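# Results of the structural survey
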Amino acid sequence: MQIRFSDSLPDRGVRVIPVRGGAASGAIADLGADAAAALRAQRFEGESGATADLYPAGKRVLAIGIGDKATGEAAEKLGGAVVAKLLTSGESEAAIELSDSGFDAEDSARVALAAALRAWRHDRYRTKLKDKQKPSLATVTIVGAPAGAAKLYEERYAPLVAGVELTRELVAEPPNIIYPESFAKRVRESVEGTGLKVRVLGQAEMTALGMGALLGVAQGSVREPQLLVLEWNGGADGTPPIALVGKGVTFDTGGISIKPAAGMESMKWDMGGAGAVAGAMKAIAGRKAKANVVGICGLVENMPDGNAQRPGDVVTTMDGQTVEVINTDAEGRLVLADAITWVQREYKPRVIVDLATLTGAMVIALGHEYAGIFSNDDDLALQLIGAGDATGDKLWRQPLGDAYDRLIDSPIADMKNVGPREGGSITAAQFIKRFVGDGVKWAHLDIAGMAWSDKDCPTWAKGATGYGVRLLDRFVEDVAEG
Ligand code: BES
Ligand code: MN
Ligand code: ZN
């Protein structure tokens, strides 16, 4: 779907009139007394996101509530609601009139951003869709936005949309299509021409590096593991980069500690952290961010097999620490341990942010509204939480501490890969922390409840959300480009 900006109303397509706080706006009044009556008949009171159809003189007009306050959130609700309503309506064009909306340039650009994000669908495998189930809306025109909105959208948000779309595609694709090698290939093709440097380490290189934890997870799968590295050098030469590290388990059966059958198909999106890192890197490069950022995706498939790792195995990580694998389903932390060691050796980053669909316990704690953030640095935590509030990818801080850390000591190795059931997300974070070097600022985001949604929201239809891309893009802008 295409986004355009214009100063005048196009003569084709649905006219969309935002209505603030119930007050029938000038534009509605201009349509005549029947229009106001039609709104009343549909119990339309201008609540944010509420819609009502009007047909003055046989032309379709959509009235849409925008609530009382002109906020970024209200702007996104507007853009998203318009597309949700019209995407498969048969209409091919819509024009959203922002002249009297009260939205500033930034909010107006966010109307467009939300419209573009809400239009994404994954229909690739639906060969029998009826015409009326297919998207018809091809163009949304933003009319009368304050000066600067169009430029802001083009430069700042269009690349972000492309990043979110990449993440969603990777997350939504089935696990027979997206496995470690095809993930890396898909990303490589998708970022071609952006200026990102792409490197992929295969099994032989990781074996030579001694990545025993990551390789232990991968050894039950016929799919070769990959470490995908995306490098963006838009900042000053020699400035140490921000490192973004993603868990990319392209399918998590649990391994020998196998998961129950019911719902296991959802573990195709256990690569949501790596997907967010890939999408964020594409967005960051797409808008030519003045920052040095490196993205690492630890890609493996976790399968049960004659060659799979066993509960009780002891593996040696790349940094020489040993791990007793109590539960082969606690695999994400094993992948992240070696990916984080590698990025520190190779890039000496000043900050590491890892993202992972790491624990079911995180979903129990926070549901689907916030991802959990664990950090060894208060400023970093606040910066990330701030970026989350600004973009809607919300974060809630969780604790770390020595008493939790002791829970993963092992009698046979340096540590075990699981603690007790209680505090399961925290002991998982403590495990990762053991691989972060002294003086490195680090945050771990447990996004288990956020990568996939069972319900529609303003900026996505149910399915892959693209969580983390907007957050990371904004975080990089805030801290590295100032
Ligand atoms: N990928 C799962 C976590 C997960 C569960 C993500 C549900 C999204 C929804 C992870 O690898 C896992 O299996 N974690 C275990 C850890 C346990 C064995 C300590 C869990 O949370 O049950
Ligand atoms: Mn698992
Ligand atoms: Zn997992």
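All told, the structure shown has 31 salt bridges when counted by the stated rule. Between arginine 15 and glutamate 97 there is a salt bridge; the shortest N-O distance is 2.3 Å. With a gap of 82 residues between them, arginine 15 in strand S2 (residues 14-19) and glutamate 97 in strand S5 (residues 93-97) connect regions that are remote in the sequence. Members of the salt-bridge network, linked through shared partners, are Arg156, Arg287, Asp473, Glu477 and Glu481.

Another aspect to go through is the coordination of the manganese ion (ligand 2). Working reference: metal with six octahedral donors, ideal angles 90 or 180 degrees; metal with four tetrahedral donors, ideal angle 109.5 degrees. Taken together, Asp252 (OD), Asp329 (O), Asp329 (OD) and Glu331 (OE) make up the full set of protein donors to the manganese ion (ligand 2), lying 2.0 to 2.2 Å away. One can describe the site at the manganese ion (ligand 2) as irregular: its six donor atoms subtend angles covering 70 to 167° at the metal. Read N to C, the donor residues that coordinate the manganese ion (ligand 2) are spaced as D-x76-D-x1-E. Between the manganese ion (ligand 2) and the zinc ion (ligand 3) the interatomic distance comes to 3.2 Å, and aspartate 252 is a ligand of both metals. Taken as a pair, aspartate 252 in strand S9 (residues 242-252) and glutamate 331 in the loop between strand S12 (322-324) and helix H10 (332-347) lie far apart in primary sequence, 79 residues in all. Its relative accessible area of 0% is what places glutamate 331 among the buried residues.

This part covers the packing of aromatic side chains. Taken as a whole and assessed by the stated rule, the structure comprises five aromatic pairs. Ring plane angle 45° and centroid distance 5.9 Å describe the contact between phenylalanine 5 and tyrosine 153, whose orientation is recorded as tilted. Within this pair, whereas phenylalanine 5 is found in strand S1 (residues 2-6), its partner tyrosine 153 is found in helix H5 (residues 149-172), the two being separated by 148 residues in sequence. Judged by centre distance (5.1 Å) and plane angle (80°), the ring pair of tyrosine 370 and tryptophan 396 falls under edge-to-face. On the criterion of sequence distance, the pair formed by tyrosine 370 in the loop between helix H11 (360-366) and strand S14 (371-375) and tryptophan 396 in strand S15 (residues 395-397) is long-range, its members being 26 residues apart. Its relative accessible area of 48% is what places tryptophan 396 among the partly exposed residues.

A separate point is the site of ligand 1. Of all residues adjacent to ligand 1, which total 16 residues, the nearest are Lys259, Asp270, Asp329, Glu331 and Gly360. Within the side chain of aspartate 252, a nitrogen or oxygen atom sits 2.9 Å from an oxygen atom of ligand 1. Here a nitrogen atom of ligand 1 and a side-chain polar atom of aspartate 270 are 2.8 Å apart. In isolation ligand 1 has 520 Å² of accessible area, and contact with the protein removes 76% of it.

Those protein atoms acting as donors to the zinc ion (ligand 3) are Lys247 (NZ), Asp252 (OD), Asp270 (OD) and Glu331 (OE), and they sit at 1.9 to 2.4 Å. In this structure, the zinc ion (ligand 3) is coordinated by six donor atoms arranged in octahedral fashion, with angles at the metal of 78 to 172°.

Turning our eyes to something else, we now look at helix H3 (residues 72-86). Across its 15 residues, H3 extends 22 Å between first and last C-alpha, which sits within 8% of the 21 Å expected from 1.5 Å per residue. H3 sits mainly inside the fold: 11 of its 15 residues count as buried. Every buried residue of H3 is accounted for by Gly72, Ala74, Ala75, Glu76, Leu78, Gly79, Gly80, Ala81, Val82, Val83 and Leu86. At its buried positions, H3 is contacted by S2, strand S4 (61-65), S5, helix H4 (105-118), strand S6 (139-143) and helix H15 (469-480).

What counts and what doesn't
Residues numbered from 1 in each chain as written. Chains lettered and ligands numbered in written order. Predicted model: local features only at pLDDT ≥ 70, side-chain atom pairs only at ≥ 80, totals over all residues. Heavy atoms only, no water. Salt bridge = Lys/Arg side-chain N within 4 Å of Asp/Glu carboxyl O. Helix = DSSP H or I, 4+ residues; strand = E, 2+ residues; numbered from the N terminus. Donors = N, O, S within 2.8 Å, 3.2 Å for Na, K, Ca; no water. Tetrahedral: all angles 85-135°; square planar, octahedral: opposite > 155°, others 65-115°. Buried < 20%, exposed > 50% of the residue type's maximum accessible area, 1.4 Å probe, protein only. Phe/Tyr/Trp six-rings, centres within 6.5 Å; stacked < 30°, edge-to-face > 60°. Near = heavy atom within 4 Å. Polar contact = N/O pair within 3.5 Å; in protein donor to acceptor, adjacent residues only side chain to side chain. Areas by Shrake-Rupley, 256 points an atom, 1.4 Å probe, with all protein chains shown as cover. Expected span 1.5 Å × (residues − 1). Contact = heavy atoms within 4.5 Å.

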